[in-house]
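Structural features, examined
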Amino acid sequence: YHRIVKDEAVVSTQSTGVLGKPLPKHLQLGDEAKEDDGVASVEGLVQKIFTAVGQSVKQGDTILQVNVMKMLFDITAHRDGIVSAVLFEEGDRVSKGQLLYELAE
């Protein structure tokens, strides 16, 4: 997989094709993508969701956990904000590069 920022969209390329998704405000042109920016860095199953839409979070708070081969990876808030969307439910499979959550100002 490769993650490319192009024309205000995150594009993940795979051997089977190209997937595009609108770029979150915190990653729009001029901002650098961070290691933990709400995008899955691993492929696995959503084990547990710790926050709800509308909940206020601080940078570093755990939003959800992804189970990868029986190892749990915490996905944390990349900044302070209010959770505006959690894009998966517990038990859903996520792929590397997929947007997992969004934060509002």
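Below or above, wherever it landed, is the structure these notes cover. (Residues numbered from 1 in each chain as written. Predicted model: local features only at pLDDT ≥ 70, side-chain atom pairs only at ≥ 80, totals over all residues. Heavy atoms only, no water.)

**Some details on the pairing of strand β6 (residues 62–68)**
In terms of residue burial, β6 counts as a mostly covered element, since 5 of its 7 residues are buried. Examined bridge by bridge, strand β4 (residues 44–49) and β6 share 4 bridges and lie antiparallel to one another. Residue pairing for β6: Lys48 is matched across the bridge by Gln65. When β6 meets strand β7 (residues 71–76), the two strands line up antiparallel, connected through 6 bridges. Its bridge partner lying in β7, Gln65 is registered against Asp74. (Buried < 20%, exposed > 50% of the residue type's maximum accessible area, 1.4 Å probe, protein only. Helix = DSSP H or I, 4+ residues; strand = E, 2+ residues; numbered from the N terminus. Pairing = 2+ DSSP bridges.)

**Comments concerning the nonpolar core**
Grouped together as the largest cluster of nonpolar side chains are 17 residues, with contacts concentrated most on Ile63, Leu64, Val66, Val94 and Leu100. Breaking this core down by element, the ones donating at least two residues are β4, β6 and β10 (101–104). Per-element tally for this core: the top contributor is β6, with 4 residues. When neighbours within four sequence positions are excluded, Leu100 is seen to be in contact with Gly38, Val39, Ala40, Leu64, Ile75, Val86, Leu87, Phe88 and Val94. (Core = buried A, V, L, I, M, F, W, Y, C linked by side-chain atoms within 4.5 Å. Contact = heavy atoms within 4.5 Å.)

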